[in-house]
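Take a look at the letters that make up each chain.
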Amino acid sequence: MRLNNVLLLSLLCAGTAFGQKLRLNDLEYFEARGLNVLVFSNQYNGFFFDEKTAGIELIHHGVRTATGGAVRLSPTPEQWDQIPAMTSRVVDRKKNSIEVSLRYNDEDFDSRVSVAAEGDGFRIRVSLDRPLPVKLAGHAGFNIEFLPSAYFEKTYFMDGRGGVFPIHPSGNAEVRPDREKIPQFNGYSTFDDRGRGEFLVPQPLAAGKSLVLAPEDSERYVKIQSAAGDLLLYDGRMLAQNGWFVVRSLIPAGKTGTVVDWYVVPKTINEWTRKPVIGFSQAGYHPAQEKTAVIELDRNDSLLETASVIRVMPDGSAVEKFRTTLRDWGRYLRYRYATFDFSSVKDDGLYYIRYGDQQTETFPIGADVYRDVWHTTLDIWFPVQMDHMLVREAYRIWHGLPFRDDALQAPPNIRHFDGYWMDSTTNTKYRPLEHIPGLDVGGWFDAGDFDIETAHHCTAVMSFVDTWEQFGVDRDQTFIDQQTRYVDIHHPDGELDLLQQIEHGTLQLVAQQKSVGFAVRGINFPHLYQYHHLGDGSTLTDNLLYNPRLKPYESDGLTSGTLDDRWVFTPRIPSLNYSSAAALAAASRALKSFNRALSVEALMYALQAWDSEQNNTRPPAGAFGGRFTGNAECNAALQLFITTGEKRFSQEFDALIWHLLDTALAWNIALAAKAVPHMPAEYRSRLEKYVRVYRTSIEKLAHENPYGVPIGTRGWAGNYEVVSWSIANYLLNRWYPDIIGKEDVYRGLNYLFGCHPYSNLSFVAGVGTHSKKRTYGSNRADFSFIAGGVVPGVLFLKPDYLENKEDWPFLWGENECVIDICADYIFLANAQNALLNGR
Ligand SMILES: [Ca+2]
Ligand SMILES: [Ca+2]
Ligand SMILES: [Ca+2]
């Protein structure tokens, strides 16, 4: 009866097909104005597991507010819980429906989930051909997850009873014995049960047949009705700060056919149109550079004729300085774009852009606008990432002295989390779980996690040396004392910070070569429940060496029976050892007069690593890092040549580089450019042909998207590629200015500083008028940031959505700052200054 009314009502609405508001579009998702329903356009991947970017998802009035619609095995799945594999996906345009088949291989459990447009919303049905495996009864259910920050300070109704969504999780949990637990990834556990053999099950906030989320807010209103079992509302943050609000229905035991049947109606606002995003540089512009804002528009929006630049005056008045006609760029992914060229505005001053009734933040134009933009990254972000040091900033201790108990030899034959593993042998002289001395020195926390990721260390040290050699950065605003392992931010100590950071990275790389004999995969945690640590890294272990003769949690004051020391992962990875050789050879130059002894050691180990890899057989291209081996070997040859001047290295470089350029030009062009000043003149002319081919790829980008930079589509957003691309252009511009122009360099920072899709926030936390204030660092649970961190940026979600959430820091692919991009950002900012204001 109710259904008929809905049907009748919908049929009366003009323009809707078959009485359904949602229709399947060409990109195979359901669409209505203000609402998209994605059904496994994005799938779970087996690397980071549940990234909160897969399954059935809602994009509600432009914001992705729901994810993870799927059959799941726990009430509030965490990142490392089992994920279903999608074994088929059938799009039925006649029925206006999509059906997917899901499988849990380990549990031999198959299900089908269908989503069909119906009335003002859609129906979700879960069906089984075989009853639920007995073991999964009470565990398996259909879940969908709602973004907490989208529902903060909002309410819900469950069967007419009102409730408020909690800002902080404050529900109840129940303790259950381990035997009832559905195993997480590879038998690891995210829960530290202190040896008690138990786990936690969150209890629902509410239960009933009909749930309304955000009845007060038409942009967020969603009504869910269950035809059979109860709807249970959970708060996933009870177990993990990055959890979402979960709505689920249990799958009943012993049944086949339809086992879950929900009717979902997200409200939409009539004629809703997304507000335009005016992309521009929040850090401002140099008078001499091109200045083009990119305006991102809803496809239903109509482009206004003009935009203007308004100058802000010291007396508080504002005057229009410039107005011009906008250029329609056309469509890119889901939006329409227009460009606003105000390059002719060159006077020093403060300005904002006005488009329609919108006015942007105020930004400067001036020769000095980029002079200091890298300071916070070197002054604050890198010091906070420093491992094996206590780090203070004025009254705040960012973290105590961590990992004095580094590190134990990882046992062989393991498939670990975070992309770590061990081969069938340790490749070292150490027994499994034996303490390897000497590793508790130097290094940086790689990212928002606390492991030493050697590959990124090599990149960061290499990048720092490039910055040192090309720009002679002579800043000193940080106190760094290796003797007492103490760092104090905003405290000059008479030593150049960049050299101190090169020293800090080199100390760790040298220690690996010295103690282990080669560059290790990294130093990471034995337990998954340590890995997801939030807050002060020094509290992650007890900082006492592991002593197997003591019981867990027992200590003799010097050692401890708790197996919490980090593990050293020691598979042999030639590309990594070559990268270490390159970084060490480069660092030995930078450290020559700063730390003579370390400089000598660095070169010695660089040569040793080189020789040992030259004598090893090369791994197949398919092996880990195999495709990078050529580039890493070539880079090591170049750095060793620059440092030693020995011909054998330049010959090896020359023997490798051309093949690399022929097979993967974009990956290797920057390396080739770095060699120009060190190679004979004919090298430069031979390279020119490749630079011309590379030029065409830059031109192609200008047609691919309105920003003219490479926008990545991987599971980790692409700011690193944008920065690397701009650096490559800078290195090439130096030798081939007629082929690669200065503007090809400037576009990268312009994009980073706010001229990008989704929003116009600067992607460098704390830099520019309006910048990222919630990033995925050690303080992410505080919805905060570490100044100077550069986030990955806009994440591509299939088929046409770019996203960088600012109200939710926990999506690492969007918001996690890592050492390699931050080091490269310092280089690029200095490069851009050098180009604009003279080398
Ligand atoms: Ca890591
Ligand atoms: Ca200093
Ligand atoms: Ca310990």
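Starting from 1, residues in each chain are numbered consecutively following that chain's sequence as written. Throughout, the order in which chains and ligands are written sets their labels, letters from A for the former and numbers from 1 for the latter. Two thresholds apply to this predicted model, a pLDDT of at least 70 for residue-level local features and 80 or more for giving and counting side-chain atom pairs, whereas whole-chain, interface and lining totals are computed over all residues. Side-chain metrics in this entry use all non-hydrogen atoms of the structure; hydrogen atoms and water are not considered.

Student: Looking at this structure, I do not really get the side chain of Ser-249. What am I missing?
Tutor: Here Ser-249 is to be found in strand β19 (residues 245-250). Of the residues examined, Ser-249 reaches a relative accessible area of 2% and is grouped as buried. Two N or O atoms form a polar contact when they lie within 3.5 Å of each other; inside protein one atom must be a possible hydrogen donor and the other a possible acceptor, and for residues adjacent in sequence the pair counts only when both atoms belong to side chains. Among the polar contacts listed, one links the side chain of Ser-249 to the side chain of Trp-262, at a separation of 3.0 Å. Numbering of helices and strands runs from the N terminus, with a helix taken as a DSSP run of H or I at least four residues long and a strand as a DSSP run of E at least two residues long. Only protein chains enter the calculation, and the probe is 1.4 Å; a residue is then buried if its accessible area is under 20% of its type maximum, exposed if over 50%, and partly exposed in between.

Student: Explanation requested: the coordination of the calcium ion (ligand 1) in the structure shown.
Tutor: Expected angles at a metal are 109.5 degrees for tetrahedral coordination by four donors and either 90 or 180 degrees for octahedral coordination by six donors. Ligation of the calcium ion (ligand 1) by protein atoms is provided by Asp-418 (OD), Asp-449 (OD), Asp-451 (OD) and Asp-451 (OD), these donors lying 2.3 to 2.6 Å from the ion. The rule for donors is simple: an N, O or S atom within 2.8 Å of the metal counts, and for Na, K and Ca the reach is 3.2 Å. Water is not among the atoms, so a site may look short of donors. Along the chain, the residues that donate to the calcium ion (ligand 1) are spaced as D-x30-D-x1-D. Here the residue Asp-418 occupies a position in the loop between β33 (414-415) and β34 (421-422), and Asp-449 occupies one in the loop between β34 and β35 (452-453), the gap between them amounting to 31 residues. A relative accessible area of 8% means that Asp-449 is categorised as buried.

Student: Which parts of the structure should I look at to understand the packing of aromatic side chains?
Tutor: Centre-to-centre distance and the angle between the planes together describe a pair of aromatic rings. Any two of the Phe, Tyr and Trp rings considered here, Trp counted by its six-membered ring, make a pair once their centres fall within 6.5 Å; the pair's planes then place it as stacked at under 30 degrees, edge-to-face at over 60, or tilted in between. Under the definition given, this model contains 53 aromatic pairs. Between the aromatic rings of Phe-471 and Tyr-730, the centroid separation amounts to 6.0 Å while the plane-to-plane angle is 50°, which identifies the pairing as tilted. Taken together, the residues Phe-471 in helix α4 (residues 454-471) and Tyr-730 in helix α13 (residues 719-735) connect sequence positions 259 residues apart. In terms of burial, Phe-471 and Tyr-730 fall into one category: buried. The rings of Phe-280, Tyr-285, Phe-322, Phe-340, Phe-342, Tyr-351 and Phe-363 are connected pair by pair, giving a single aromatic cluster.

Student: Looking at this structure, how should I read the coordination of the calcium ion (ligand 3)?
Tutor: Around the calcium ion (ligand 3), the protein contributes the donor atoms Asp-405 (OD), Asp-542 (OD), Leu-544 (O), Asp-564 (OD) and Asp-565 (OD), at 2.2 to 2.4 Å from the metal centre. All donors to the calcium ion (ligand 3) come from one chain, and their sequence spacing reads D-x136-D-x1-L-x19-D-D. Linking Leu-544 in the loop between α6 (528-531) and β39 (545-546) with Asp-564 in the loop between β40 (559-560) and β41 (567-569), this pair joins segments that are 20 residues apart in sequence. Just as Leu-544 is buried, Asp-564 falls in that class too.

Student: What should I look at first to understand the nonpolar core in this one?
Tutor: When a protein is soluble and globular, its nonpolar side chains tend to lie buried together. Side-chain atoms within 4.5 Å link the members of a nonpolar core, which is a set of buried Ala, Val, Leu, Ile, Met, Phe, Trp, Tyr and Cys residues. Counting 149 residues, the largest nonpolar core has Phe-653, Ile-669, Tyr-683, Leu-687 and Tyr-825 as the members making the most contacts within it. Counting residues per element, this core draws most heavily on helix α16 (residues 819-837), which supplies 13 residues. Here a residue-residue contact requires only that any non-hydrogen atoms of the pair lie within 4.5 Å. Those residues in contact with Tyr-825 that lie beyond four places of it in its chain are Val-373, Trp-374, Thr-377, Val-723, Leu-749, Leu-752, Phe-753, Val-764, Val-767 and Val-790. Core analysis: the second largest hydrophobic core is formed by 73 residues, Ile-56, Leu-231, Leu-540 and Leu-811 among them.

Student: Looking at this model, I keep getting lost on the sheet that holds β41. Mind explaining?
Tutor: Hydrogen bonds between backbone atoms are what pair the strands of a sheet, whose relative direction is either parallel or antiparallel. For two strands to be treated as a pair, DSSP must find at least two bridges joining them. The strand order β32-β41-β38-β35 describes an open sheet built from four strands, whose pairing is mixed. The sheet is open, and its two borders are formed by β32 (408-409) and β35, each paired with just one other strand. Here three bridges tie strand β38 (residues 522-524) to β41, and the two strands are oriented antiparallel to one another. Bridge assignment links Asn-524 to a residue of β41, and that residue is Trp-567.

Student: Any chance you could explain the pattern of salt bridges here in plain terms?
Tutor: It is possible for side chains bearing opposite charge to pair when their charged atoms get close. Salt bridges are identified by distance alone: a Lys or Arg side-chain nitrogen within 4 Å of an Asp or Glu carboxyl oxygen. As enumerated under the stated definition, the model contains 54 salt bridges in all. Arg-64 is the salt-bridge partner of Glu-803, the closest N and O atoms lying 2.8 Å from each other. Of this pair, Glu-803 sits in strand β43 (residues 801-803) while Arg-64 is found in strand β5 (residues 63-72), placing the two residues 739 residues apart along the sequence. No difference in accessibility class separates Glu-803 from Arg-64, as the two residues are buried. A salt bridge links Arg-112 to Glu-99, with the nearest nitrogen and oxygen atoms 3.9 Å apart. In this pair, Arg-112 is assigned in strand β8 (residues 109-118) and Glu-99 in strand β7 (residues 97-104), connecting sequence segments 13 residues apart.

Student: Mind showing me how you'd approach the state of the cysteines here?
Tutor: Formally, a disulfide is one covalent bond, and it connects the sulfur atom of one cysteine to the sulfur atom of another. Two cysteine sulfurs form a disulfide in these notes if their separation is within 2.5 Å. Throughout the structure, instances matching the rule amount to zero disulfides. The thiol sulfur of Cys-458 is not disulfide-bonded, and the nearest other cysteine sulfur, from Cys-634, lies at 16 Å. Taking the relative accessible area as the measure of exposure, Cys-458 reaches 3% and is therefore buried. Here Cys-822 is not cross-linked by a disulfide; its sulfur's nearest cysteine counterpart is in Cys-817, at 5.4 Å.

Student: Just checking my understanding: could you explain the sheet that holds strand β31 (residues 396-399) for this structure?
Tutor: Pairing in this open sheet of four strands is mixed, and the strands run β31-β30-β37-β36 from one edge to the other. One side of each edge strand has no neighbouring strand; the edge strands of this open sheet are β31 and β36 (478-481). For this sheet, the mean inter-axis angle between neighbouring strands, taken without regard to orientation, is 20°. For helices, the fitted axis covers only the stretch in contact; all axes are lines through C-alpha atoms, and the angles between them, taken along N-to-C directions, range from 0 to 180 degrees.

Student: How should I be thinking about helix α12 (residues 681-704) in this particular structure?
Tutor: Helical geometry: 3.6 residues make up each α-helical turn, so side chains three or four residues apart lie on a common side. Expected helix span is given by 1.5 Å per residue-to-residue step, counting one fewer step than there are residues. Between its first and last C-alpha, α12 extends 36 Å over 24 residues, near the 34 Å set by a 1.5 Å rise per residue. The bend at a residue is defined as the angle formed between two axes, one fitted to the seven residues ending at that residue and one fitted to the seven starting there. Most pronounced at Glu-688, the bend in α12 amounts to some 30°. Taken together, the buried positions of α12 are occupied by Tyr-683, Leu-687, Tyr-690, Val-691, Tyr-694, Arg-695, Ile-698 and Leu-701. As for α12, its buried residues are in contact with α10 (647-663), α11 (665-675), α13 and α14 (743-752).

Student: Is there a simple way to explain the pairing of strand β11 (residues 155-158) in this structure?
Tutor: Two faces make up the sheet, and in a regular strand the side chains alternate between them. On β11, burial follows the alternation: Tyr-156 and Met-158 on one face are buried, whereas Thr-155 and Phe-157 on the facing-out side are not. Summarising the sheet, β11 and strand β12 (residues 161-164) pair through four bridges and their orientation is antiparallel. In the strand pairing of β12, Tyr-156 is matched with Gly-163. Inspection of the sheet shows β11 paired to strand β16 (residues 210-213) by three bridges, in the antiparallel sense. When the sheet's bridge partners are listed, Met-158 is paired in β16 with Leu-211.

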